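# Tertiary structure, described
The residues making up each chain are set out below.
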Amino acid sequence: RVQKSSTEQPLSCRVHPVAVLKVLDAYVRRPEGQQRIIGTLLGWISEGSVVDITDSFPCPHKDQEDQVLLDQDYHKQMVALRQKVSPREVVVGWFSTGSEI
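For clarity, every value in this text was computed on a predicted model and none was experimentally measured. (Residues numbered from 1 in each chain as written. Predicted model: local features only at pLDDT ≥ 70, side-chain atom pairs only at ≥ 80, totals over all residues. Heavy atoms only, no water.)

What follows covers the pattern of salt bridges. A full pass over the atoms with the stated rule returns six salt bridges. Its salt-bridge partner being Arg36, residue Asp63 comes within 2.7 Å of it at the nearest N-O pair. Taken as a pair, Asp63 in strand E6 (residues 61–64) and Arg36 in the loop between helix H1 (17–28) and strand E4 (38–46) lie far apart in primary sequence, 27 residues in all. Judged by relative accessible area, Arg36 falls into the buried class, the value being 19%. Between Arg82 and Glu89 there is a salt bridge; the shortest N-O distance is 3.0 Å. Looking at Glu89, the relative accessible area reads 5%, which means it is buried. (Salt bridge = Lys/Arg side-chain N within 4 Å of Asp/Glu carboxyl O. Helix = DSSP H or I, 4+ residues; strand = E, 2+ residues; numbered from the N terminus. Buried < 20%, exposed > 50% of the residue type's maximum accessible area, 1.4 Å probe, protein only.)

Set out below in structure tokens:
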């Protein structure tokens, strides 16, 4: 939920096709033996409580038993580069593919 003024509003999402296609492409191109892809969702909040997810990119990571090690430097660089191209976009979430959460 997003709080605007003193009232809460239900949150809704609009996912743009490019964001979905990039997630699918990252999964298809994943390294051999890798079970899932983890990545970042970019976009903005509009109309008070609507999250527009406009783009995405995968982040290199390693799965180790009960932990996931994410390449934070890569993530920060990608966000910085994306903001040069589209300053309005910010990180609005994460995605993970695969059969387990």
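Having put the structure on the table, let's press on.
Take H1 next. For H1, spanning 12 residues, the distance from its first C-alpha to its last is 17 Å, which sits close to the expected 16 Å at 1.5 Å a residue. Those residues of H1 that sit buried are Ala19, Val23 and Ala26. Down the axis of H1, the buried set is contained in an arc of 65 degrees. They therefore lie on one face. What points out from H1, more than 90 degrees from its buried face, is the exposed set Pro17, Leu21 and Val28. (Expected span 1.5 Å × (residues − 1). Arc of directions from axis to C-beta.)

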